[in-house]
Amino acid sequence: MEAIKSRRSIHDFKKEEVYQNVLQDIFNAAAWAPNHRMKQPWSVILFQEEGKAEYADLVIESYVRLGLADGYGEEKTRSMMEGIKKFLINIPHHALIYLDKDKDTHKYEEDYAAVCAYIQNVQLLGWAQGIGMLWTTSPYINDEKFIQGIGLAPAQHKIAAVLQIGYPNLIPKEKQREKVHLQIRDARLT
């Protein structure tokens, strides 16, 4: 309960990297997420150190392709993209989490839901060790050229999210949640 309520999305990370064995333990333990037919449909590509520059370049190329810079002059576009690249490179780790697409829509939705449960487990396990994360679903995760650029096949793979990972430099304040109003039906529908 404490981890669920205290966890925050982190936007500002310290430069310190998380030890590889700590990340490996988190990603392994998160596999206890519920998943149908024990498929464990998640896969992870971790971009860190020099790999972050390649990742950032692919993100920027996608942003330009997708029109993020439309309407800006050449100098403004260059400056904006350099700022985005610097921002991405300053984050210690980027974990791209993807799954194989199942042709059966129902199975595909089950797999996607399981991957989302996996991602939340990763966040909570990290938080318990003082590691912050931001679950991102930026438009580039659906860009076929970006997907190819990281070595995946758009027809076969779905990127569920990219987790930005590191030790928090700043922890945001709590935002209250609304109570869930249960619709209780304790009689048969006619």
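Quantities reported herein were computed from a predicted structural model and do not represent experimental measurements. (Residues numbered from 1 in each chain as written. Predicted model: local features only at pLDDT ≥ 70, side-chain atom pairs only at ≥ 80, totals over all residues. Heavy atoms only, no water.)

Let us now look at the nonpolar core. Ranked by internal contacts, the top residues of the largest apolar core, which has 24 residues, are Trp42, Tyr118, Val122, Ile131, Leu163 and Ile165. Looking at this core, the elements with two or more residues in it are helix H2 (20-29), strand S2 (93-100), helix H5 (105-127) and strand S4 (157-166). With five residues, the single largest contributor to this core is H5. Look past the residues within four positions of Tyr118 in its chain and what remains in contact with it is Phe27, Ala30, Ala31, Ala33, Trp42, Val44 and Ile97. (Core = buried A, V, L, I, M, F, W, Y, C linked by side-chain atoms within 4.5 Å. Buried < 20%, exposed > 50% of the residue type's maximum accessible area, 1.4 Å probe, protein only. Helix = DSSP H or I, 4+ residues; strand = E, 2+ residues; numbered from the N terminus. Contact = heavy atoms within 4.5 Å.)

A separate point is the layout of surface pockets. Considered as a void within the structure, the largest pocket measures approximately 470 Å³ in volume. Lining the largest pocket are 14 residues; nearest its centre among them are Lys5, Arg7, Arg8, Lys175 and Arg177. Split into classes, the residues belonging to the lining of the largest pocket amount to three nonpolar, four polar and seven charged. Computed from the structure, the second largest pocket encloses a volume of approximately 150 Å³. (1 Å grid on protein atoms, 1.4 Å probe; cavity = no way out; pocket = protein on both sides within 12 Å on 5 of 7 lines; lining within 4 Å. Points joined across faces, edges and corners; volume = space filled by probe spheres on them. Nonpolar A, V, L, I, M, F, W, Y, C, P; charged D, E, K, R; others polar.)

Along its 16 residues, helix H4 (residues 74-89) runs 22 Å from first to last C-alpha, staying within 8% of the 22 Å computed at 1.5 Å per residue. Turning to H4, its buried residues number three or more, namely Thr77, Met81, Ile84 and Leu88. End-on view of H4: buried residues confined to an arc of 55°, all on one side of the axis. Turned more than 90 degrees off the buried face of H4, the exposed positions are Glu75 and Lys86. (Expected span 1.5 Å × (residues − 1). Arc of directions from axis to C-beta.)

These figures capture arrangement, not role.
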